[in-house]
Amino acid sequence: MGISTAARQFAQFLESVRAKASTPGLDLAVVRDSVDTHVSASTEPEGVTYADVDADGVPALWAIPEGADPDRALLHFHFGGSVAASIPSDRKAAGHIAKAAGARSLVVGFRLAPEHPHPAQVDDAETAYRWLLAQGCELWNIGSTGHSI
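About the thresholds
Residues numbered from 1 in each chain as written. Predicted model: local features only at pLDDT ≥ 70, side-chain atom pairs only at ≥ 80, totals over all residues. Heavy atoms only, no water. Bend = angle between axes of the 7 residues up to and from the residue. Helix = DSSP H or I, 4+ residues; strand = E, 2+ residues; numbered from the N terminus. Buried < 20%, exposed > 50% of the residue type's maximum accessible area, 1.4 Å probe, protein only. Contact = heavy atoms within 4.5 Å. Core = buried A, V, L, I, M, F, W, Y, C linked by side-chain atoms within 4.5 Å. Pairing = 2+ DSSP bridges. Axes fitted to C-alpha atoms, helices over the stretch in contact; angles between N-to-C directions. Right-handed = clockwise from strand over helix to strand, strands pointing away.

### Topic: helix α3 (residues 87-101)
Here comes step 1: Approximately 30° is the largest bend angle found in α3, and it occurs at Ala93.
Here comes step 2: Within the span of α3, buried status applies to Ile87, Ser89, Asp90, Lys92, Ala94, Gly95 and Ala98.
Here comes step 3: Elements that come into contact with the buried residues of α3 comprise α2 (28-37), β1 (48-55), β2 (58-65), β3 (69-77) and β4 (103-108).
Here comes step 4: Of the residues flanking the end of α3, it is Gly102, one or two places downstream, whose phi is positive at about 70°.

Structural data, given as C-alpha cells:
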C-alpha cells in the first residue's frame with residue numbers, strides 16, 4: 001500500500017517547518033509568520049462562517065457555526081505564549097471548537113509581547129470579555145477556550 005497524497009503533502013509541510021525552525025537566529029517576525037502558516041496544515045470546519053469585529057478596541061473574530069445557540073459564546077485566546085500567533089493562527093481551531101460546542105467563538109487578537117509588555121495581554125482579554133457582556137451575553141453562558149492568557 002502506497003503513501004497517500006495527503007500524507008506526502010503533510011510530510012513536505014513538516015519538512016518546511018523544520019527547515020525554517022532550524023535556521024539559527026530567527027527573528028521574531030519570521031517566527032510569527034511561521035506560526036501563522038501552520039494553520040495551512042489543518043482543515044477548514046464545515047458550516048462555520050467568520051466575522052471580524054472590534055471588541056471595544058481589541059481586534060477579534062467571530063467563528064459562527066450553523067445553528068449556534070445565540071445566547072452562548074466562547075472566548076478564545078490564541079496560542080503563542082503572548083509572543084507569537086494571532087487570530088489567523090487559531091481561526092480554524094476556534095471554528096472546530098465552536099462547532100462542537102454549538103456556540104459562537106470570539107477569537108481575541110490581544111497585543112503581543114515584547115512590543116506590548118504584560119499586562120497588555122490580560123488587559124485586552126478583560127476588555128474583550130467586558131465587550132462580550134455588553135453585547136448581552138450572560139456571564140454564565142460564556143466559556144473560555146484557547147492556549148494563552
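Continuing now.
### Brief notes about the nonpolar core
Here comes step 1: Core analysis: the biggest nonpolar cluster contains 17 residues, and Leu75, Leu106, Val108 and Leu132 have the highest contact counts within it.
Here comes step 2: Mapped onto this core, the elements with two or more residues apiece are β2, β3, β4 and α4 (120-134).
Here comes step 3: At four residues, the largest contribution of residues to this core is made by α4.
Here comes step 4: If sequence neighbours within four positions are ignored, Leu75 has contacts with Leu106, Val108, Ala128, Tyr129, Leu132, Ile142, Gly143, Ser144 and Thr145.

### A closer look at the sheet that holds β4
As a general point, the strands of a sheet are linked pairwise by backbone hydrogen bonds and lie either parallel or antiparallel.
Here comes step 1: Across the sheet, which stays open at both edges, the five strands sit in the order β1-β2-β4-β3-β5 with mixed pairing between neighbours. Of all the strands in the sheet, the pair left with one neighbour each is β1 and β5 (142-146). Averaged over all pairs of adjacent strands, the angle between strand axes in this sheet comes to 30°, irrespective of strand direction.
Here comes step 2: Examined bridge by bridge, β3 and β4 share six bridges and lie parallel to one another. Pairing of Phe77 across the sheet is with Val108, part of β4.

### Describing the pairing of β4
Here comes step 1: Here β4 lies mainly inside the structure; five of its six residues are buried.
Here comes step 2: The sheet contact formed by β2 and β4 spans four bridges and is antiparallel. Paired with Ala60 across the bridge in β4 is Val108.
Here comes step 3: Regarding topology, α3 serves as the crossover connection from β3 to the parallel β4, and that connection is right-handed.

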